Amino acid sequence: MSSETGVSAGLGTRLETEPGLAEGLARHRQEHLLRWWDELGEQGRGRLARQIEGIDFGELDDLIETLVRHEVVTSIEPDHIEPIEVSRLPTTDADRAERGRAAATGADMLSAGEVAVVIVAGGQGTRLGFDGPKGAFPIGPVSDRSLFQVHAEKVQSIGRRHGHAVPLYVMTSPDNHAATAAFWEAHENFGLEHVRLFPQGQMPAVDRGSGRVLLAGKSCLALSPDGHGGALAALAAPRPDGSPSYLDEMERAGTTTLFYFQVDNPLTQIADPAFLGRHREAGADVSFKVIEKQRPDERVGVVVTVDGRPDVIEYSDLPPELAERRRPDGRLALSAGSIATHVFELGFVRRLVEGGADLPYHRALKKVTYLADDGNVVKPNEPNAVKFEKFIFDSLRLARRYAIVEADRRLEFEPLKNATGSESPETVRARLSDLYAGWLEEGGVTVVRRADGLPAFPIEISPLYALDAEDLRDRVQPGLVADRPLLLS
Ligand code: UTP
């Protein structure tokens, strides 16, 4: 390697020559990464060297030891696990008054410009199989507006309502950053004043048998995004041009609190004032929105306490004995299903990332296409590799205080995950139409519905037209009948 590549050593020494690089890799038993070095031109060598440089091999050795060489057995002891206290949906006047007070607190936070919105959109969207960033997927039931547009219009509308523009931060990955940036640019940021796109970190995939880092090609490693939990470190990272991190930028602008959600759920009540208010009133570091789990096999993580401490158990780790545990009234005992919608205190994020208590990595067993030692590209039929990912919900365990707030699933949660079947474009559009139909009905409009209860025609309301049922009420004429596709924008 020539010194012009500007590569400094993540391997303990300054690596100015290929032997130096090889030596460093050999110490970590990853020297095969240079197998094709002699065939590479200057550009390929530079690329490979930069990728290798980006890896903390000391940390990787530990992960391989703990998450690859040894089978992870998550020991969950049912006797130690209890339901967590949830702030339930209001059912009485007193509940409604209490919720109203929380919403007023949240509205004050928004008016004071204390809230920034963070969307995580760095995932690979493998199940959906869409050719482009998932946020660009056309989801509007009538207009085909993209997921990003739905979110952006909400952010704009919230800013207008509270008299203070809300800054938006969108996490991408190195793989989809350019396409995501081009999409936002083509749409002129959907009219938003303050939008920042920032790529998350990457981690190498390693062979599950040997722990060797996989090559995607002769001059590139098999890298993948480091999980949605990577958002916290990515926000705190200095920017490539040396300017302050986005966390610094937020802090200077007076942001105290982050509203975080996933790009795939267009029903997210972005910056929901009642949620923000409950978080603030609880003096929480982090807060979670949950829905009540209906079936033991539902694929959402559950928020629980373990020996009295808050925690989240992934659906795949929840033993049937616990998943099926019921209360005397027949409802599931562990029913607080996380919808990955959170509020974070900025100071808490800083403490985690800068105070050395960053989120841990988990292992994900995946099929990863790779370049074999004989030079052939192998597309495995079975999971062959371990990827390392951080999960945002691990932050709960590290919080001093927290609030867990119930959401109405019908109004707030239908993520776009699959191409067909459940959580697919069809179900998401149907749920959006149903939500907007409900708003129209509250305003006195008659909506023609099918036998299964869903609207007979697609209905869509731009968040710029109305943000909720109350907003819409003054804008529609009671007595109207929605008996054909309807778009209000
Ligand atoms: P999922 O785990 O559902 O992944 O991410 P995905 O990429 O959308 O889809 P599959 O699993 O490949 O089919 C949930 C949310 O977290 C974000 C995704 O963009 C989505 O909003 N995410 C996930 C990231 O931002 N980065 C990651 O590394 C992983």
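For the structure itself, look to the data block above.
Quick notes on the rules
Residues numbered from 1 in each chain as written. Predicted model: local features only at pLDDT ≥ 70, side-chain atom pairs only at ≥ 80, totals over all residues. Heavy atoms only, no water. Buried < 20%, exposed > 50% of the residue type's maximum accessible area, 1.4 Å probe, protein only. Phe/Tyr/Trp six-rings, centres within 6.5 Å; stacked < 30°, edge-to-face > 60°. Helix = DSSP H or I, 4+ residues; strand = E, 2+ residues; numbered from the N terminus. Lys NZ or Arg CZ within 6 Å of the ring centre and 35° of its normal. Pairing = 2+ DSSP bridges. Contact = heavy atoms within 4.5 Å. Axes fitted to C-alpha atoms, helices over the stretch in contact; angles between N-to-C directions. Near = heavy atom within 4 Å. Polar contact = N/O pair within 3.5 Å; in protein donor to acceptor, adjacent residues only side chain to side chain. Areas by Shrake-Rupley, 256 points an atom, 1.4 Å probe, with all protein chains shown as cover. Nonpolar A, V, L, I, M, F, W, Y, C, P; charged D, E, K, R; others polar.

(A) Quick peek at unusual backbone geometry. The phi dihedral of arginine 29 is positive, around 55 degrees, even though this residue is not glycine. On the basis of relative accessible area, arginine 29 is assigned to the exposed category, the value being 57%. The residue glutamate 188 is not glycine, and still its phi comes out positive at about 45 degrees. Exposure remark for glutamate 188: the relative accessible area of 66% places this residue in the exposed category.

(B) Layout of the packing of aromatic side chains. Applying the stated rule across the entire model yields twelve aromatic pairs. Measuring from ring centre to ring centre gives 6.1 Å for phenylalanine 148 and phenylalanine 183, while their planes differ by 45 degrees; the resulting arrangement is tilted. Residue phenylalanine 148 is located in helix 5 (residues 147-162), and its partner phenylalanine 183 is located in helix 6 (residues 177-186); the two are separated by 35 residues in the primary sequence. When its relative accessible area of 1% is taken as the criterion, phenylalanine 148 is described as buried. Ring centres of phenylalanine 259 and phenylalanine 261 lie 6.0 Å apart, and the angle between their planes is 50 degrees; on these two criteria the pair is classed as tilted. Of the two residues examined, phenylalanine 259 and phenylalanine 261, each falls in the buried class. Chaining the aromatic ring pairs together yields one cluster made of Phe148, Phe183, Trp184 and Phe190. A cation over an aromatic ring shows up here: arginine 475 above the ring of tyrosine 465, its NZ or CZ 4.0 Å from the ring centre.

(C) The sheet that holds strand 18 (residues 385-390), seen in detail. Ordered by their spatial adjacency, three strands build an open sheet running 6-18-15, and the pairing between neighbours is antiparallel. Taken across any chain shown, the strands that pair with only one partner, and hence form the sheet edges, are strand 6 (206-207) and strand 15 (361-366). Along the sheet face, helix 3 (residues 57-69) touches strand 6, strand 15 and strand 18 and points at about 65 degrees away from the line of strand 15.

(D) Representation of the site of the ligand. Neighbouring residues of the ligand: 18 residues in total, closest Gly122, Thr126, Arg127, Gln200 and Lys417. Between an oxygen atom of the ligand and a main-chain N or O atom of glycine 122, the distance comes to 2.8 Å. Taking threonine 126, its side chain carries an N or O atom lying 2.4 Å from an oxygen atom of the ligand. Taking 570 Å² as the accessible area of the ligand by itself, protein coverage stands at 87%. Grouping the constituent residues of the shell around the ligand by class yields five nonpolar, nine polar and four charged.

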